[in-house]
Amino acid sequence: MTEVSNELLAVLTTAEPLLRQITPEQARQKPRPEKWSPLETLGHLIDSACNNQQKFVRSMATPQLEFVGYAQNFWVDAQQYQQAEWVTVLDLWLAYNRHLAHVIRHVDPAVLQHTLHIDGVGPFKLGFIMADYVEHLKHHLRQILPDGPFESKFLNLY
């Protein structure tokens, strides 16, 4: 999983200076009223990191896991990301993802075949979930930075 960890770190290294160029006002701009602003999208990526950390670590502990989904719009609204400070959210997102890269890098290869169902969908192998996490992250970075260098193979399977 070293390759996945390295990819995540490379995405962070590329994204950070681009995201730091976004002003707080730009971060709050919604492309359409029903769509997330860059600030809300980055908040969603923090929620994704939080939920995926649980998937990663819990899956390491058991060969088969049932995991709940989460209501992503509710999470974004409930945490009021739109009212948060852009730099604070950005710094949290970066730190959380650096930690997840560390977790991915040090996962025991013996547990990568452990499976989990997410909200009744699956099974998915832990190794796939870890790699898919990075694709999901790049998918949303493309929304925030449409002219950025990110390509994603995210399939939204669960």
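Once a new chain begins, its residue numbering starts again from 1 and follows that chain's sequence as written. Residues qualify for local features only when their pLDDT is at least 70, as the model is predicted, and side-chain atom pairs are given and counted only at 80 or more; totals for whole chains, interfaces and linings, by contrast, use all residues. Note that the side-chain values use all heavy atoms of the structure and ignore hydrogens as well as water.

(A) Quick peek at the nonpolar core. Counting 46 residues, the largest nonpolar core has Leu-8, Leu-19, Leu-42, Phe-56 and Trp-93 as its most contacted members. Numbering goes from the N terminus for both helices and strands, where a helix is a DSSP run of H or I of at least four residues and a strand is a run of E of at least two. Elements with a minimum of two residues in this core: α1 (2-20), α3 (38-61), β1 (64-67), α5 (86-105), β2 (115-118) and α6 (126-144). At 10 residues, the largest contribution of residues to this core is made by α5. Nonpolar cores were defined as sets of buried Ala, Val, Leu, Ile, Met, Phe, Trp, Tyr and Cys residues, with membership established by side-chain atoms within 4.5 Å. Burial classes follow relative accessibility: with a 1.4 Å probe on protein chains only, a residue under 20% of its type's maximum area counts as buried, one over 50% as exposed, and anything between as partly exposed.

(B) Just the sheet that holds β1, in detail. Taken in spatial order, the 3 strands of this open sheet run β1-β2-β3, and their pairing is mixed. Each of the sheet's edge strands pairs with one partner strand only, and the pair in question is β1 and β3 (121-125). This sheet shows a mean twist of 25° between the axes of neighbouring strands, independent of strand direction. Residues are treated as being in contact if the distance between any of their heavy atoms lies within 4.5 Å. Angles here are taken between N-to-C directions and fall from 0 to 180 degrees, while the axes themselves are lines fitted to C-alpha atoms, restricted in helices to the stretch in contact. Each of β1 and β2 touches α3; the most contacted strand, β1, lies at about 155° to it. Taken strand by strand, α6 contacts β2 and β3, and its axis lies near 95° from that of β3. Should DSSP find at least two bridges between two strands, the strands are regarded as paired.

(C) Quick look at the packing of aromatic side chains. Centre distance within 6.5 Å is the pairing criterion for rings of Phe, Tyr and Trp, where only the six-membered ring of Trp is used; planes under 30 degrees apart are then read as stacked, over 60 as edge-to-face, and the remainder as tilted. Summed over the entire model, instances satisfying the criterion amount to 3 aromatic pairs. Note on Phe-56 and Tyr-133: the rings are 6.1 Å apart at their centroids and 90° apart in plane angle, and the pair reads as edge-to-face. In this pair, Phe-56 sits in helix α3 while Tyr-133 sits in helix α6, placing the two residues 77 residues apart along the sequence. Residue Tyr-133 is classed as buried on the basis of its relative accessible area of 2%.

(D) Spatial organisation of the side chain of Asn-51. One can find Asn-51 in helix α3. Relative accessible area serves as the criterion here: at 8%, Asn-51 is assigned to the buried category. Leaving out residues up to four positions away in the same chain, Asn-51 has contacts with Phe-67, Tyr-70 and Trp-75.

(E) Looking closely at the packing of α3 against α6. The interhelical angle for the contact between α3 and α6, taken along N-to-C directions, is 175°, at an axis separation of 10 Å. In terms of orientation, α3 lies roughly antiparallel with respect to α6. Contacts between α3 and α6 involve Pro-38, Thr-41, Leu-42, His-44, Leu-45, Ser-48, Ala-49, Asn-52, Lys-55, Phe-56, Ser-59 and Met-60 on the former and, on the latter, Leu-126, Ile-129, Met-130, Tyr-133, His-136, Leu-137, His-140, Gln-143 and Ile-144. Oblique is the label for any angle not covered by the other classes, which are roughly parallel (under 35 degrees), roughly antiparallel (over 145) and roughly perpendicular (65 to 115).

(F) Spatial organisation of the pattern of salt bridges. What makes a salt bridge here is a side-chain nitrogen of Lys or Arg within 4 Å of a carboxyl oxygen of Asp or Glu, nothing more. Under the defined criterion, the tally for this structure stands at 7 salt bridges. In this structure, Glu-7 engages Lys-138 in a salt bridge whose closest nitrogen and oxygen atoms are separated by 2.5 Å. Here Glu-7 is found in helix α1, whereas its partner Lys-138 is found in helix α6, with 131 residues between them in sequence. On the accessibility criterion, Lys-138 (8% relative accessible area) is buried. Two residues, Arg-98 and Glu-16, come together in a salt bridge whose shortest N-O distance is 3.1 Å. On the criterion of sequence distance, the pair formed by Arg-98 in helix α5 and Glu-16 in helix α1 is long-range, its members being 82 residues apart. Taking relative accessible area as the criterion, Arg-98 reaches 42% and is therefore assigned partly exposed. Beyond isolated ion pairs, a larger network of salt bridges with shared partners links Glu-16, Arg-20, Asp-91 and Arg-98.

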